[in-house]
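Residue-level structure breakdown
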Amino acid sequence: MAEPASSQQKCSCGPAESETAKPADNPATSSCCPPRTDSTREDSISSCCSPPTSAVEGSGTPGCCETTTESSCCTEDDTAIRHSWERPGHRLWHFVCGFLPTPVGEVPQVSTRLTTLDHIGRWQMRWGIGRDRYRVAPGLYAVGNPDADSDVLVSANYKLSFDALRRELQGHDLWLLVLETHGINVWCAAGKGTFGTEEIIRRVRETGLDRVVSHRRLIVPQLGAPGVAGHEVRRDCGFKVIYGPVRASDLPAFLDAGYQAGEEMRRVRFSTGDRLILTPVELTGLGRPTLYALLAVLILGGIGPSIFSFNALVHRGGGALLVFIAGLLAGAVITPILLPWLPWRPFAAKGALVGSIIALLTLLIFGRDLGTADGFALLLALPAIASWYAMNFTGSSTFTSPSGVEKEMRRSIPLQAAALLIAAGSWLWAAF
Amino acid sequence: MREYAYLNEYVSLQLDSGKCTGCGLCQQVCPHAVLRVEDGKARIDARERCMECGACAKNCAFDALKVEAGVGCASAIIYGWLTGKEASCDCSGGC
Ligand code: SF4
Ligand code: SF4
């Protein structure tokens, strides 16, 4: 998908591009689009970015976002228009490539091409850099040149969801209604209810959507369904909810087929690729508890006949640290990748199996250098740690049920704890 | 694609066929094809695939479906146990 040249996209609306061209910039704080309060001013709808209205007259900005033609709104000599987008204290997102006059004011047009900035942002998110703040302003956006008959797609204001959506819409004329989900993706936000019935109704009212479009249809991603009661949306604001496909990439086909999604479009997949993408999130999400545990293991390693020795800390503590890390990788990386091929349904059991195999392999290779007690400790500790971290992967999976996870935890946590305690005892005993 | 199935015997999904009108919406919103509408009635086709996301119950205008919806996430449940609050994950990333 990456298109290196795309940072030079046609629609790089002048001033905005140069200003936002700093990857380190935090998009959220650069507040072209500050989080909006519940202002009901109708011209506040489509964000803060709307320009003084007068100067854009006549420029229905045809083809502004099209990549094929040199667009009128973004050419060099249109400086008057470009400057009219500027507002003191505001900054345009790089993906806004024009503004569309509508009965409720100017609506920002977004580009369907992702730029280098978008890719950098996504990469940062995967590795947990600034994860909590990657959001766009909620409100109404336009793709292409939609009119009163064009469809309205509902989306979350998590920048990655927003990017994934607009990227698929090249050549379409659509409205995007972005909900305030506090920078959280559709599925998660739907689970929490922030992507939900009330927010849809509020956003429809606030944007004055019923004056922008003449029809009464909203296309909501299927994964938003846990938070949205379609019949209530219809009752309260008159718009009928149509559930679109699970993946944004199926949207064009869905629209072309007259809002029909095949069974495959309605299923959540959990491919090896999906799981691989999640492992960095998983690892960076482990956070402090894991760091403390690692430190504790290291320090415990220093305990021995001479009460505490630095040498022992390095040798025994370091060794135990490696065991811990091996368990962590077994549980948080290897198990997720092998998930569908491992036997048994509980994640804890899958993790324990992977951990045991690695422990046995380690013993085969290094067994002679380890004492019996140390070897025994390794054999217990590694599977227990792997099992724990595998169990935590339930949070990233797409098919575990809360009642199942709870049952699994009630069963396996005592076993994991017992194995770890015995292992720790044996390991400490081996020091003397 | 391999089918995923989880600890099925615990899933709280319940269908009251008496109330079901066969509108088909539950089948449409379910991400794991758990429900199937046949002969004007919904039926639980693959209970073991249900992840208790709650989409079906939320969208059944006739109140025919019940499920204890929540997040199937270990750290959220631990959080719930420790604080006594409802389990909730602040999954800002990928979950
Ligand atoms: S949504 Fe409710 S009424 Fe409609 S088919 Fe499903 S269970 Fe039946
Ligand atoms: S709770 Fe979710 S996964 Fe279970 S049947 Fe309903 S829609 Fe499907």
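Residues numbered from 1 in each chain as written. Chains lettered and ligands numbered in written order. Predicted model: local features only at pLDDT ≥ 70, side-chain atom pairs only at ≥ 80, totals over all residues. Heavy atoms only, no water.

Chain B goes by Ferredoxin in an unreviewed UniProt entry, where it is assigned to Geothermobacter hydrogeniphilus.

Side note on the overall build of chain B
Secondary structure assignment for chain B yields three helices and four strands. The buried share of chain B, taken over its 95 residues, is 44%. Contacts in chain B between residues at least 24 apart in sequence constitute 44% of all its contacts with a sequence separation of at least 6. Carbon together with sulfur atoms contributes 48% to the accessible area of chain B, which is approximately 4,600 Å² in total. (Helix = DSSP H or I, 4+ residues; strand = E, 2+ residues; numbered from the N terminus. Buried < 20%, exposed > 50% of the residue type's maximum accessible area, 1.4 Å probe, protein only. Contact = heavy atoms within 4.5 Å. Areas by Shrake-Rupley, 256 points an atom, 1.4 Å probe, with all protein chains shown as cover.)

As for the environment of Leu328 of chain A
Along the chain, the position of Leu328 of chain A falls in helix α12 (residues 310-338). With 55 residues separating them along the chain, Leu328 of chain A and Pro383 of chain A place their C-alpha atoms 9.5 Å apart.

Overview of the site of ligand 2
Around ligand 2, the neighbouring residues are Leu13, Cys30, Pro31, Val34, Leu35, Cys50, Met51, Glu52, Cys53, Gly54, Ala55 and Cys56 of chain B. Class assignment for the residues of the shell around ligand 2 results in ten nonpolar, one polar and one charged. (Near = heavy atom within 4 Å. Nonpolar A, V, L, I, M, F, W, Y, C, P; charged D, E, K, R; others polar.)

Observations concerning the nonpolar core
Residue and element names in this part refer to chain A. In this structure, Trp175, Phe195, Leu209, Leu218 and Val220 are the most contacted members of the largest nonpolar core, which totals 40 residues. With five residues, the top contributor of residues to this core is helix α5 (residues 186-192). Beyond its immediate stretch of four places on either side in the chain, Val220 contacts Val154, Phe195, Ile200, Val228, Val241, Ile242, Tyr243 and Gly244. Counting residues in each nonpolar core, the second largest holds 23 residues, with Leu165, Leu169, Val178 and Met265 among its members. (Core = buried A, V, L, I, M, F, W, Y, C linked by side-chain atoms within 4.5 Å.)

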